[in-house]
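Each chain, written out:
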Amino acid sequence: MDPHYDAQDVARCDLCEVAIVQSYCDFCHVNLCKPCIGEHIYDDYTKHIIVPFQQRRSTLIYPKCGTHPNKNCKYQCEDCNIFLCTDCFASRPHNKEHKLSKLNEKFSKKKDQIQKDKQEIKEQILPVYEDIASEVENQISHIDVDYQKFTTQLSKQRKELHRQIDNTMNQREKEIDENKLKHLSILTKHLEEIKQLQSLMHETLHSLYEIEESNEVTPTIHYSSKNQEFSKLPPKVIVSMPKLIPKPIEKEQLCSLIGKLTPLSTTLEERVFTAKKPNTSVRELLDEPEVVHTIKTGHEELRSVTCLNEEEIWTSGRTADIKCFNTQGVLQKTIQTKSGECPVDIAVYSDGALVYSDGRTVYKVKNDQTEKIIRLQGWIPANLCVTSSGDLLVTMYSDDTTQSKVVRYSGSTVKQTIQFDDEGQPLYSGNINIKYITENRNLDICMADWGAGAVVVVNQAGKLRFRYTGPPSSTKNKPFKPTCITTDSQSHILTADSINHCIHILDVNGQFLCYIDNCGLELPTGLCVDNNDSLFVCEFKKGNVKKIRYLK
């Protein structure tokens, strides 16, 4: 049996292929049961080496000598770089000045080196590469958001240019209108002068008709001609029209107005390998966790708790009230949801702002001011987690309750969506069941998926790391159905198993460590851990929050 095989594999005898293996021939390299040992060693010409199965492969397999086929080479000439058997020395003595080494000693040293190299790769080098890969994956996942900033800047510049162009065009239109009014005024005045002269000539004509028909001497004698005066025509008024001289649009000049995008550049920065230092602030688990304090919240069906700081917690249940208590159980503050319905979940930003999901909306409350930060269509927000970088992780399900996903927000901007694995299969169960979420210290995203009966953990880039479906062997009567999840400073994952009235503690890689099942917990639901690694646990029906010490 290969030592890397799963513990469920059972090694069988290579001869009968039925019985369980008990021994091993270290010369022939075959598995043997007790009855088959005799049959195997029946060949008297072979030097069999029978050892217990657990001590298999302890006998060295030396290379055969090329000159003496029945001999094994147990030496190596370091100068000639060839293997030698004892007969090689007897038949043809090797150069005595050459350095000889025993292969078993070299084998042992190489094995030690291999063991050290294996440990170094596993514990020091590989974790560094995992961090590098995670860093690059994170850059890739953020590239859309990063480039959206350029598009947003360009859009602002476009609007500003449009505004300036519109203002300039409006100014030119105003100048055209002003010129038009001046032009009209000049021509109107000129027309009035002409019409006055026309009126005067009509009056003169009328007088001439009267004199012509009259026999009176006096008016006729005193008549004086005005024709010479009328013949002096008024000057022609010539108004030069203004001209609009469009300026040619030069592409380079336009580009300079819009702004310049520097070219993409790539540089290589040398990485210096630094082995990861072990955590010097390791805190071990207590053999017997203990309840430090019990806070009676008065909530009906208490569901969520989140730490504001080391002294205060926020709680919520099946009412519209979200209550803040100090760790001694004294009510500090109460706020109500906008809709008047109970919140699905609550979380706290690093600046102390409270965030809660309510209907299709996620609200943020700071300094008694409530702000709508996320509004969804086609999806309904559920559980929340504020990350170490200040992002908000939101679990959500589709209107038809067939799909679930996790979305990372920076403010109101979507930065990342986690829904499928590398094979295109859903990571999470597709229903409205509880899906509490948290971020671990290594930036893994951990979800308690009640519908799947599993804790589902992906890395920062959304790649599946593992699923935990319960310990290898369980003392509990009912199936594992996680209802909430949190993490601590040791990267432990703590998940509430409400129907078994306990809490599972896992390591960062999903290995079961122990239960917290001695604190009289009844239907534990919401969980949170403060900066001092104090655990706060909601008891669903009782409406109590228990503060538990579980680390030394």
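Residues numbered from 1 in each chain as written. Predicted model: local features only at pLDDT ≥ 70, side-chain atom pairs only at ≥ 80, totals over all residues. Heavy atoms only, no water.

Draft legend 1. How the structure looks around the nonpolar core. Residues Ile503, Leu535 and Tyr550 are the most contacted members of the largest nonpolar core, which totals 26 residues. Setting aside residues no more than four positions away along its own chain, Leu535 makes contact with Thr486, Leu494, Ile503, Ile516, Leu527, Cys528, Val529, Lys546, Lys547, Ile548 and Tyr550. (Core = buried A, V, L, I, M, F, W, Y, C linked by side-chain atoms within 4.5 Å. Buried < 20%, exposed > 50% of the residue type's maximum accessible area, 1.4 Å probe, protein only. Contact = heavy atoms within 4.5 Å.)

Draft legend 2. Molecular detail of the pattern of salt bridges. What the rule picks out here adds up to 18 salt bridges. Across the salt bridge formed by Lys542 and Glu522, the nearest N and O atoms sit 3.3 Å from each other. Pair noted here: Lys542 is in the loop between β29 (535–539) and β30 (544–551) and Glu522 is in the loop between β27 (512–516) and β28 (524–529), with a separation of 20 residues, a long-range link. Overall, Lys542 belongs to the partly exposed group, its relative accessible area being 44%. Taking the relative accessible area as the measure of exposure, Glu522 reaches 41% and is therefore partly exposed. (Salt bridge = Lys/Arg side-chain N within 4 Å of Asp/Glu carboxyl O. Helix = DSSP H or I, 4+ residues; strand = E, 2+ residues; numbered from the N terminus.)

Draft legend 3. Molecular detail of the side chain of His40. Along the chain, the position of His40 falls in helix α1 (residues 34–40). The residues touching His40, leaving out its near neighbours within four places in the chain, are Leu15, Cys25, Cys28, Val30, Leu32, His48 and Ile50.

Draft legend 4. Fine view of the side chain of Glu539. One can find Glu539 in strand β29. Overall, Glu539 belongs to the buried group, its relative accessible area being 1%. A polar side-chain atom of Glu539 sits 3.0 Å from the main-chain amide nitrogen of Glu522. (Polar contact = N/O pair within 3.5 Å; in protein donor to acceptor, adjacent residues only side chain to side chain.)

Draft legend 5. Structural detail: the packing of aromatic side chains. This structure, assessed with the given rule, holds four aromatic pairs. Measuring from ring centre to ring centre gives 5.3 Å for Tyr468 and Phe480, while their planes differ by 75°; the resulting arrangement is edge-to-face. Of the two residues, Tyr468 is situated in strand β23 (residues 464–468) and Phe480 in the loop between β23 and β24 (482–487); the sequence distance between them amounts to 12 residues. Residue class for Tyr468 comes out buried when judged on its relative accessible area of 3%. Sitting over the ring of Tyr349, Lys364 keeps its end group 4.8 Å from the ring centre. Lys476 extends its terminal NZ or CZ atom over the ring of Tyr515, reaching a point 4.5 Å from the ring centre. (Phe/Tyr/Trp six-rings, centres within 6.5 Å; stacked < 30°, edge-to-face > 60°. Lys NZ or Arg CZ within 6 Å of the ring centre and 35° of its normal.)

Draft legend 6. Expanded view of the pairing of β30. Within β30, seven of the eight residues are buried, which leaves it mostly tucked inside the rest of the structure. Here seven bridges tie strand β7 (residues 285–296) to β30, and the two strands are oriented antiparallel to one another. By the bridge assignment for β30, Glu290 is matched with Arg549. Where β29 folds back onto β30 in an antiparallel hairpin, the turn is made up of four residues, including Gly543, whose phi is positive at roughly 75°. (Pairing = 2+ DSSP bridges.)

Draft legend 7. Quick peek at the pairing of strand β16 (residues 379–386). A large share of β16 lies buried, amounting to six of its eight residues. Here β16 runs beside strand β17 (residues 392–398); their pairing, made up of six bridges, is antiparallel. When the bridges of β17 are listed, Leu384 appears paired with Val394. Joining the antiparallel neighbours β16 and β17 is a turn of five residues, in which Gly390 adopts a positive phi near 95°.

Draft legend 8. A nonpolar patch on the surface, seen in detail. Residues Ile143, Tyr147, Phe150, Leu261 and Leu264 make up a contiguous nonpolar surface patch of roughly 560 Å² in combined accessible area. Summarising the element assignment, Phe150 is placed in helix α3 (residues 103–213). With relative accessibility at 42%, the residue Phe150 sits in the partly exposed group. (Patch = residues over 30% accessible without salt bridge, like charges linked within 9 Å, V, L, I, M, F, W, Y side chains within 5 Å. Areas by Shrake-Rupley, 256 points an atom, 1.4 Å probe, with all protein chains shown as cover.)

Draft legend 9. Just the confidence of the model for the protein, in detail. Averaged over all residues, the pLDDT of the protein equals 87, while 94% of them reach at least 70. Counting contacts from residues 1–8, a segment whose pLDDT is below 50, to residues more than four positions away or on other chains yields seven contacts. (pLDDT = per-residue confidence, 0-100.)

Draft legend 10. Geometry of helix α6 (residues 251–258). Burial within α6 is sparse, with just zero of its eight residues counted as buried. Where α6 terminates, the next one or two residues include Gly259, which has phi positive at roughly 120°.

Draft legend 11. Structural view of the sheet that holds strand β21 (residues 445–449). Strand order in the open sheet formed by four strands is β20-β21-β22-β23, and the pairing between neighbours is antiparallel. A single partner strand is all that each edge strand has here, and the edge strands are β20 (435–439) and β23. With direction set aside, neighbouring strand axes in the sheet form an average angle of 15°. Note: β21 against strand β22 (residues 454–458), five bridges, orientation antiparallel. (Axes fitted to C-alpha atoms, helices over the stretch in contact; angles between N-to-C directions.)

Draft legend 12. Broad picture of unusual backbone geometry. In this structure, Glu301 takes a positive phi of about 55° despite not being glycine. Note that Glu301 resides in the loop between β7 and β8 (304–307). A relative accessible area of 22% places Glu301 in the partly exposed class. Unlike most non-glycine residues, Leu523 shows phi in positive territory, near 50°. Mapped onto the fold, Leu523 is located in the loop between β27 and β28. Since its relative accessible area comes to 26%, Leu523 is described here as partly exposed.

Draft legend 13. Inspection of the sheet that holds strand β5 (residues 82–84) at higher detail. Sheet architecture is open: three strands sit in the order β5-β4-β6, paired in antiparallel fashion. Looking along the sheet, the strands with just one partner apiece sit at the ends: β5 and β6 (100–102). Adjacent strand axes in the sheet meet at a mean angle of 35°, parallel and antiparallel pairs treated alike. As paired elements, strand β4 (residues 75–77) and β5 share three bridges and run antiparallel to each other. Directly across from Gln76, in β5, lies its bridge partner Phe83. Of the strands in this sheet, β4, β5 and β6 are in contact with α3, which crosses β6 at around 65°.

Draft legend 14. Structural view of the environment of Ile37. If you trace the backbone, Ile37 turns up in helix α1. Apart from residues no more than four positions distant in its own chain, Ile37 is found in contact with Ser23, Leu32 and Ile50.

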